[in-house]
Amino acid sequence: MIKNISVKCIDLWEKNGVIKAQDKESYQYGMELLLSTLINFMLMVMISICAIKMPMAFLPYTIVYVPLRMVAGGYHADCHWKCVLYTQGTFIGAIWMVEFMAKQTMLLVLSGLLISILVIWFLAPIEAENKPLSRDEWIKERGNSRKLEMIIGIVLLGLACWDKVQADFVIAGIAANISAAISLITAKVKQRNS
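All values reported here derive from a predicted model rather than from experimental measurement. (Residues numbered from 1 in each chain as written. Predicted model: local features only at pLDDT ≥ 70, side-chain atom pairs only at ≥ 80, totals over all residues. Heavy atoms only, no water.)

### Looking at the side chain of Arg-142
Part 1 of the argument: Looking at the element boundaries, Arg-142 is found in helix 6 (residues 135-161).
Part 2 of the argument: At 11 Å, Glu-141 is the nearest oppositely charged side chain to Arg-142, a buried residue that forms no salt bridge.
Part 3 of the argument: Separated by 3.2 Å, the side chain of Arg-142 and the backbone oxygen of Phe-122 make a polar contact.
Part 4 of the argument: The residues contacting Arg-142, other than those within four sequence positions of it, are Trp-121, Phe-122, Ala-124 and Pro-125. (Helix = DSSP H or I, 4+ residues; strand = E, 2+ residues; numbered from the N terminus. Buried < 20%, exposed > 50% of the residue type's maximum accessible area, 1.4 Å probe, protein only. Lys, Arg positive; Asp, Glu negative; His and termini not counted. Salt bridge = Lys/Arg side-chain N within 4 Å of Asp/Glu carboxyl O. Polar contact = N/O pair within 3.5 Å; in protein donor to acceptor, adjacent residues only side chain to side chain. Contact = heavy atoms within 4.5 Å.)

Now the structure itself:
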């Protein structure tokens, strides 16, 4: 469906002279990514409001998750709908898991955060099939992912210990970190099974 919408939109643009025929493929790929991202984001907003009853959870989750995935890599689905389902499933699952842990004890939440930091520290970066990294790029991305993860980890730890911060923001941020770690583990398992 996303691909069909992209093709129709780009065909219309070409027909109206907005783009050149030789650029259609690039624009179509970009349109697919844009639509997939918008669908993921809008679903996350709706799920935050309706399903998990934390209206702003999508915000700290996105702030933590997106930069981590950009530098650390992770699981890439083979079609847009699998990507949407995977992203929303890990969003809901991680939020509920951290919420459950928070109701037990803060030590459990901090343990989950520490484990996710260690997973990202040791597994990142994981390259995508269609975007292999040279040795130098891999070393650079490993350093970038470790630096970013340490900054995020320290900020989340500080926010978790600071009682003036809304708990939903901390839960969503820690859930995003755990989701990024799950994505790395999923990608590593997929690589080994290929």
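### A look at the nonpolar core
Part 1 of the argument: With 41 residues, the main nonpolar core has Tyr-61, Phe-91, Ile-95, Val-98 and Ile-174 as its most contacted residues.
Part 2 of the argument: Looking at this core, the elements that each hand over two or more residues are helix 2 (24-51), helix 3 (58-72), helix 4 (80-104), helix 5 (106-123), helix 6 and helix 7 (167-193).
Part 3 of the argument: Setting aside residues up to four positions removed in sequence, Ile-174 forms contacts with Val-98, Val-109, Leu-113 and Leu-156. (Core = buried A, V, L, I, M, F, W, Y, C linked by side-chain atoms within 4.5 Å.)

### Some details on the confidence of the model for the chain
Part 1 of the argument: On average, residues of the chain score 92 in pLDDT, and 98% of them are at 70 or above.
Part 2 of the argument: Put simply, helix 1 (residues 2-15) is where the chain has its lowest mean pLDDT, 89, and helix 3 is where it has its highest, 95. (pLDDT = per-residue confidence, 0-100.)

### Focus on the packing of helix 2 against helix 3
Part 1 of the argument: Contact geometry for helix 2 and helix 3: axes closest at 9 Å, N-to-C directions at 140 degrees. In terms of axis orientation, helix 2 runs oblique to helix 3. Each of Phe-41, Met-44, Val-45 and Ser-48 in helix 2 lies in contact with helix 3, whose residues at this interface are Phe-58, Tyr-61 and Thr-62. (Axes fitted to C-alpha atoms, helices over the stretch in contact; angles between N-to-C directions. Parallel < 35°, antiparallel > 145°, perpendicular 65-115°, else oblique.)

### As for the layout of surface pockets
Part 1 of the argument: What the largest pocket holds in volume is close to 1600 Å³.
Part 2 of the argument: What lines the largest pocket is a set of 41 residues, among which Leu-33, Arg-69, Tyr-75, His-76 and Cys-83 lie closest to the centre.
Part 3 of the argument: At the level of elements, helix 2, helix 3, helix 4 and helix 7 are the ones that each hand at least two residues to the lining of the largest pocket.
Part 4 of the argument: By residue number, the principal contributor to the lining of the largest pocket is helix 2, which donates eight residues.
Part 5 of the argument: Across the lining of the largest pocket, the residue classes break down as 20 nonpolar, 12 polar and nine charged.
Part 6 of the argument: For the second largest pocket, the calculated volume is near 170 Å³.
Part 7 of the argument: Along the walls of the second largest pocket sit Pro-60, Ile-63, Val-64, Ile-151, Ile-152, Val-155, Leu-156, Leu-159, Phe-169 and Gly-173, which together make up its complete lining.
Part 8 of the argument: Contributions of two or more residues to the lining of the second largest pocket are made by helix 3, helix 6 and helix 7.
Part 9 of the argument: Tallying contributions element by element places helix 6 first for the lining of the second largest pocket, with five residues. (1 Å grid on protein atoms, 1.4 Å probe; cavity = no way out; pocket = protein on both sides within 12 Å on 5 of 7 lines; lining within 4 Å. Points joined across faces, edges and corners; volume = space filled by probe spheres on them. Nonpolar A, V, L, I, M, F, W, Y, C, P; charged D, E, K, R; others polar.)

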